[in-house]
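Below, each chain spelled out in residue letters.
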Amino acid sequence: MTLSILDGRPELKRKIYEVAEVAGYLWQKGWAERNGGNITVNITEYVDDAMRSLPALSAPVAIGLTLPHLKGNWFYCKGTNRRMRDLARAPMDNGSIIRITDDCAHYEIVAEKPVKPTSELPSHLAVHNDFVERGVDYKASVHTHPIELVAMSHTDKFLKKDVLSNLLWSMIPETKAFCPRGLGIVPYRLPGSLALAEATIAELQDYDVVMWEKHGVFAVGPDVLEAFDQVDVLDKSARIYMCARSMGFEPDGMTSAQMKEMSVAFNLPK
Ligand code: 13P
Ligand code: ZN
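All figures in this text were calculated on a predicted structure; none of them were measured in a lab. (Residues numbered from 1 in each chain as written. Chains lettered and ligands numbered in written order. Predicted model: local features only at pLDDT ≥ 70, side-chain atom pairs only at ≥ 80, totals over all residues. Heavy atoms only, no water.)

**Observations concerning the environment of Lys139**
Tracing the sequence through the fold places Lys139 in the loop between α4 (121–134) and β6 (140–144). A relative accessible area of 23% places Lys139 in the partly exposed class. With 114 residues separating them along the chain, Lys139 and Tyr25 place their C-alpha atoms 19 Å apart. At 2.9 Å, the side chain of Lys139 forms a polar contact with the side chain of Asp137. (Helix = DSSP H or I, 4+ residues; strand = E, 2+ residues; numbered from the N terminus. Buried < 20%, exposed > 50% of the residue type's maximum accessible area, 1.4 Å probe, protein only. Polar contact = N/O pair within 3.5 Å; in protein donor to acceptor, adjacent residues only side chain to side chain.)

So this is what it looks like as structure tokens:
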């Protein structure tokens, strides 16, 4: 039997299997066609000396950005062109463990196979760099293509600041309670680009989930399950809205007084 880097490292194994669990949900939801979506998790706290002394499986690869706060950080990343439904079954065959080199501008693949990380790595790593810099205890980022939310990003009227957030919050009280910072909007940028990474970091200062116009969402959280939950509640609201519209009426939504009451009762930030 071949040994895995996860053998004898139960905490690391649990974190990577959380990613596999969420990858399965994304596929079941219909949000992960082909290789759609990507996940990264900062696993630095689970790395021991034996792991640190492992040789790299790849030459250093330029990130395209210098990320000074990621020196010595390690990540599990979905592989580019890999399917979520495959990652759900075999996370170490469809993703890899990377470490950031001391110049903070390159990464090396360390384990378990030389699986090249996601094409959205610039956005993911830039966001993790920002968390470390700000001392935010968030370790996971999830990008996915939720059908209803992406559909709603195809009209200007929902792309103005907080219009979509307020509409989604008003569909069912839980959305405001469990996605209390709402949904930010990142105007269309080329997938995988540094421009997309920069716009994403800027918007995540005020939100935990941002819409990539006509593409998907990017969600962050302390762990991958919490990041997924926020997208799930937002998408539930989007489905309630579309269901009402398909029954032939514009839903009233909760009133602003009812939304305010929620914020006060649950001590919500907005
Ligand atoms: P990757 O297969 O490179 O992760 O790309 C999927 C995707 O959704 C790009 O935005
Ligand atoms: Zn995408």
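Anyway, onward from the coordinates.
**Describing the pattern of salt bridges**
Applying the stated criterion across every chain, the model contains 16 salt bridges. A salt bridge links Glu18 to Arg14; the shortest N-O distance between them is 3.4 Å. Here Glu18 and its partner Arg14 are both found in helix α1 (residues 10–29), four residues apart, which amounts to about one turn of the helix. A salt bridge links Asp86 to Arg89; its shortest N-O distance comes to 2.8 Å. In this pair, Asp86 and Arg89 are both assigned in helix α3 (residues 84–89), three residues apart and thus about one turn of the helix distant. One network of salt bridges, with partners in common, ties together Glu11, Arg14, Lys15 and Glu18. (Salt bridge = Lys/Arg side-chain N within 4 Å of Asp/Glu carboxyl O.)

**Quick notes on α1**
Look at α1: 28 Å from first C-alpha to last across 20 residues, which is about the 28 Å you get at 1.5 Å a residue. Looking only at α1, the buried set comprises Leu12, Lys15, Ile16, Glu18, Val19, Ala20, Val22, Ala23, Gly24 and Leu26. Just past α1, the residue Gly30 takes up positive phi, approximately 85 degrees. (Expected span 1.5 Å × (residues − 1).)

**Examining the pairing of strand β9 (residues 216–221)**
Consecutive residues of a regular strand have side chains that alternate between opposite faces of the sheet. Burial analysis of β9 places six of its six residues in the buried class, the great majority of the element. Here β9 shows two buried faces, one formed by Gly216, Phe218 and Val220 and the other by Val217, Ala219 and Gly221. Here β6 pairs with β9 via five bridges, running antiparallel. Within the sheet, the bridge partner assigned to Ser141 lies in β9 and is Val220. Relative to β9, strand β8 (residues 209–212) runs antiparallel, the two being bridged by four bridges. By the bridge assignment, Met211 is partnered in β9 with Val217. Between the end of β8 and the start of β9, which pair antiparallel, lie three residues, with Lys214 showing a positive phi angle near 60 degrees. (Pairing = 2+ DSSP bridges.)

**Considering the sheet that holds strand β4 (residues 95–100)**
Taken in spatial order, the nine strands line up as β2-β5-β4-β3-β1-β6-β9-β8-β7 in an open sheet, and their pairing is mixed. Because the sheet does not close on itself, it has two edges, and the strands there are β2 (61–62) and β7 (183–186). Pairing analysis gives four bridges linking β4 to strand β5 (residues 106–111), with the strands arranged antiparallel. When the sheet's bridge partners are listed, Ile100 is paired in β5 with Tyr107. Contacting β1 (38–42), β3 (74–78), β4 and β6, α1 runs over the sheet at an angle of about 160 degrees to β1. (Contact = heavy atoms within 4.5 Å. Axes fitted to C-alpha atoms, helices over the stretch in contact; angles between N-to-C directions.)

**Notes on the site of ligand 1**
Taken together, the neighbourhood of ligand 1 is formed by 13 residues, with Asn35, Thr80, Thr118, Ser119 and Glu120 sitting nearest. Within the backbone of Gly37, a nitrogen or oxygen atom sits 2.9 Å from an oxygen atom of ligand 1. Contact between ligand 1 and His143: an oxygen atom at 3.3 Å from a side-chain N or O atom of the residue. When the free accessible area of ligand 1 is taken as 310 Å², the share hidden by the protein chains comes to 92%. In terms of residue class, the shell around ligand 1 is built from no nonpolar, eleven polar and two charged. (Near = heavy atom within 4 Å. Areas by Shrake-Rupley, 256 points an atom, 1.4 Å probe, with all protein chains shown as cover. Nonpolar A, V, L, I, M, F, W, Y, C, P; charged D, E, K, R; others polar.)

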